[in-house]
Amino acid sequence: MGFYRGVSAYLGSLRRVNRNCWLGFAAAALNGISQGIFTVIFNLYILSLGITPDILGAILSAGPFAQALGSIPMGFLMETIGFKKVFLIIYLGSGLAKLAQVATGSVPLISLAAFASGLALAGDFVVRLPFLAANSEPEERAHIYSLSSMIFGLSVAFGALFAGYAPNLLAFLHLDLSIAYRYTLYIAGALPLLAAIPILMLENQAPLKSHKISLAPYLWGIDRFTTQQAVVSLFVGVSMGLTTTFMNVYFIYHLGTTREYFGTVSALVVIPVLAVTAIGPLLALRTGIVRIVTYLRTLIAVFIVNLALTNTPWLGTLAYWGQSSLSNSAQPLSFAFAMDAASRKAKSAASAWLNVTYWLGTAIAAPIGGAFLTHSNYLTPLFIAGASILAAGLLNEFFFNPVEISLRKKRALEKEPEIEIS
């Protein structure tokens, strides 16, 4: 009976989800499929054109650099023109930029289009959380955010699986491999354009703010806690820029797998990701958020080093799944602590700088990784990535464990009942 009541309660919560949220989920799913396709195919497409890995690294740095630059301005734009208009700009801009990335063989034009795509992705990240918050009640938000994350993750997995086999489906046209890649990427570019359809169906909502926008909290008014969060996030970004960005290259050129194998592995990674992400908050209840994030990032370093040292595809797959699932568990926990511990005035700045420095680290790392891969050096970037995420874990412990202990003591004192003295 308990099981059926739980299922009934869950289905009931789905029925209460705001219509705007469902339309947002539909748009995000189309965009997620597009990102999944690009994750598997884009690097291989660029290399198939005869472009070297060091130039690929420079191209791949353009998007993250744009995300670092665009996060704060996109937030301001959202506050000024409202959700519906900014989402239309994001998805139409993303689709056109993705199409432009594969419509030319010119490296400068590809890089410029990648930069434009990165600006759109920055907007999607910055706008989505406040959009969902504005269309839900406080008691529903944990469920709404989890549902949003699951839908997006599953859509990326579907896109990755499709990308692994789509070029083979075009074989009947007797296309050159690079042309088959290009057509597959055209499909990916069209999907964000289709995402504009559910966005057009959104109910209009007033802009969040009408007051004058100020940069003070984000720049000269930044506090020590936000600065420390930004430093840790930079190291995380460097690690991800050297691993996730080139994962298809590692699998195909280092481990000797096929594109189909990597596409399938990238799709199935959603299973351990969802499982470990669900367990993370439960572990944090026992050890504290900061300590569990430190443990998770230390284990991520171990998995990355294992990926570097193995030549066996199935061991590489386990390392990739371990690294991805632990990363996806650590990031939301780290973000939750940052929002909990930051002062009320600093929350927006802390959120922005977490995003800015993460993508800045990724942008810095991509050319470095590409330079090593040009010389068929697949080990050094992975060792650097392992050292970087380990540094992030250790700095997280050093900076924030005393803060969390202090917060716990303060809240424990606030909960103690007052003793009346007669």
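On a predicted model such as this, the values are computed, not experimentally measured, just so you know.

Draft legend 1. Broad picture of the overall build of the chain. Each helix and strand in the chain was counted, giving 15 helices and 0 strands. Expressed as a percentage of the 422 residues in the chain, the buried residues total 50%. Restricting the contact set of the chain to residue pairs at least 6 apart, pairs at least 24 apart contribute 86%. Accessible area for the chain stands at about 19,700 Å²; split by element, carbon and sulfur atoms hold 69% of it.

Draft legend 2. Fine view of the environment of Gly288. Within the element layout of this structure, Gly288 appears in the loop between helix H11 (270–287) and helix H12 (289–309). Given a relative accessible area of 1%, Gly288 falls into the buried group. C-alpha of Gly288 to C-alpha of Arg408: the two residues are 120 residues apart in sequence and 9.5 Å apart in space. Other than its neighbours up to four places away in sequence, Gly288 contacts Glu404 and Arg408.

Draft legend 3. Up close: the pattern of salt bridges. Enumeration over the complete set of coordinates arrives at 2 salt bridges. Across the salt bridge formed by Arg259 and Glu260, the nearest N and O atoms sit 3.4 Å from each other. Arg291 is the partner of Glu397 in a salt bridge, and the nearest nitrogen-oxygen pair spans 2.5 Å. Taken as a pair, Glu397 in helix H15 (residues 379–415) and Arg291 in helix H12 lie far apart in primary sequence, 106 residues in all. For Glu397, a relative accessible area of 19% corresponds to the buried category. Taking relative accessible area as the criterion, Arg291 reaches 27% and is therefore assigned partly exposed.

Draft legend 4. Geometry of H11. Along its 18 residues, H11 runs 26 Å from first to last C-alpha, staying within 8% of the 26 Å computed at 1.5 Å per residue. If you look at H11, its biggest bend is around 25°, right at Gly280, and the proline Pro281 turns up within four residues after that. Trailing H11 by a residue or two, Gly288 shows a phi angle of about 95°, which is positive.

Draft legend 5. Expanded view of the nonpolar core. Core analysis: the largest hydrophobic core is formed by 70 residues, its most contacted members being Ile37, Ile41, Phe42, Ile46 and Leu185. When residues of this core are assigned to their parent elements, the largest contribution, 10 residues, is made by helix H2 (residues 19–48).

Draft legend 6. A look at the environment of Val236. Counting through the fold element by element, Val236 comes out in helix H8 (residues 224–243). Val236 gets classed as buried once you look at its relative accessible area, which sits at 4%. The spacing of Val236 and Gly361 is 125 residues in sequence and 7.3 Å in space, taken between C-alpha atoms. The contact partners of Val236, leaving out residues within four places of it in the chain, are Arg297, Gln331, Tyr358, Ile389 and Ala392.

Draft legend 7. Quick look at the packing of aromatic side chains. Scanning the model with the defined rule gives 14 aromatic pairs in all. With 5.9 Å between their ring centres and 10° between their planes, Phe87 and Tyr91 make a pair best called stacked. Taken as a pair, Phe87 and Tyr91 lie in helix H4 (residues 83–102) at a separation of 4 residues, close to a single helical turn. Like Phe87, the residue Tyr91 is buried in the burial classification. Counting every residue linked through ring pairs, the aromatic cluster contains Phe83, Phe87, Tyr91 and Phe131. Above the plane of the ring of Phe38 lies Lys98, whose end atom (NZ or CZ) is 5.5 Å from the centre.

Draft legend 8. Inspection of the packing of H2 against helix H10 (residues 259–268) at higher detail. Interhelical geometry of H2 versus H10 gives an angle of 150° and a closest axis separation of 10 Å. Looking at the two axes, H2 sits roughly antiparallel to H10. Between H2 and H10, the contacting residues are Thr39, Val40, Ile41 and Leu44 on the first element and Arg259, Phe262, Gly263 and Ser266 on the second. When grouped by side-chain class, the residues that make up the contact of H2 with H10 number 4 nonpolar, 3 polar and 1 charged.

Draft legend 9. Focus on the packing of H11 against H12. Look at H11 against H12: their axes get within 7 Å of each other, and the N-to-C directions meet at 120°. With respect to H12, the axis of H11 lies oblique. For the pair H11 and H12, the sense of crossing is right-handed. Seen from H11, the contacting residues are Leu283, Ala284 and Thr287; seen from H12, they are Ile289, Arg291 and Ile292. Residues that form the contact of H11 with H12 fall into these classes: 4 nonpolar, 1 polar and 1 charged.

Draft legend 10. A look at a nonpolar patch on the surface. Nonpolar side chains collect at one region of the surface, where Met150, Leu154 and Leu274 lie side by side and expose about 230 Å² of accessible area between them. You can see Leu154 is positioned in helix H6 (residues 141–169).

Draft legend 11. Quick peek at the side chain of Glu404. Tracing the backbone shows Glu404 in helix H15. Within the buried set, Glu404 has no salt-bridge partner at all; the shortest N-O distance to an opposite charge, 4.4 Å, is to Arg408. Here Glu404 is in contact with Gly288, Ile289, Val290, Arg291 and Phe337, once residues within four sequence places are set aside.

Draft legend 12. Summary view of H12. Here H12 spans 31 Å end to end across 21 residues, near enough to the 30 Å set by a 1.5 Å rise per residue. Residues Val290, Ile292, Val293, Thr294, Leu296, Arg297, Ile300, Ala301, Ile304, Leu307 and Ala308 constitute the buried set of H12.

Draft legend 13. View of unusual backbone geometry. Its identity is not glycine, yet Ser376 carries a phi of approximately 55°, on the positive side. With respect to the secondary-structure elements, Ser376 resides in the loop between helix H14 (347–374) and H15.

The rules behind each value
Residues numbered from 1 in each chain as written. Predicted model: local features only at pLDDT ≥ 70, side-chain atom pairs only at ≥ 80, totals over all residues. Heavy atoms only, no water. Helix = DSSP H or I, 4+ residues; strand = E, 2+ residues; numbered from the N terminus. Buried < 20%, exposed > 50% of the residue type's maximum accessible area, 1.4 Å probe, protein only. Contact = heavy atoms within 4.5 Å. Areas by Shrake-Rupley, 256 points an atom, 1.4 Å probe, with all protein chains shown as cover. Salt bridge = Lys/Arg side-chain N within 4 Å of Asp/Glu carboxyl O. Expected span 1.5 Å × (residues − 1). Bend = angle between axes of the 7 residues up to and from the residue. Core = buried A, V, L, I, M, F, W, Y, C linked by side-chain atoms within 4.5 Å. Phe/Tyr/Trp six-rings, centres within 6.5 Å; stacked < 30°, edge-to-face > 60°. Lys NZ or Arg CZ within 6 Å of the ring centre and 35° of its normal. Axes fitted to C-alpha atoms, helices over the stretch in contact; angles between N-to-C directions. Parallel < 35°, antiparallel > 145°, perpendicular 65-115°, else oblique. Nonpolar A, V, L, I, M, F, W, Y, C, P; charged D, E, K, R; others polar. Left-handed = near helix turned anticlockwise from the far one by under 90°. Patch = residues over 30% accessible without salt bridge, like charges linked within 9 Å, V, L, I, M, F, W, Y side chains within 5 Å. Lys, Arg positive; Asp, Glu negative; His and termini not counted.

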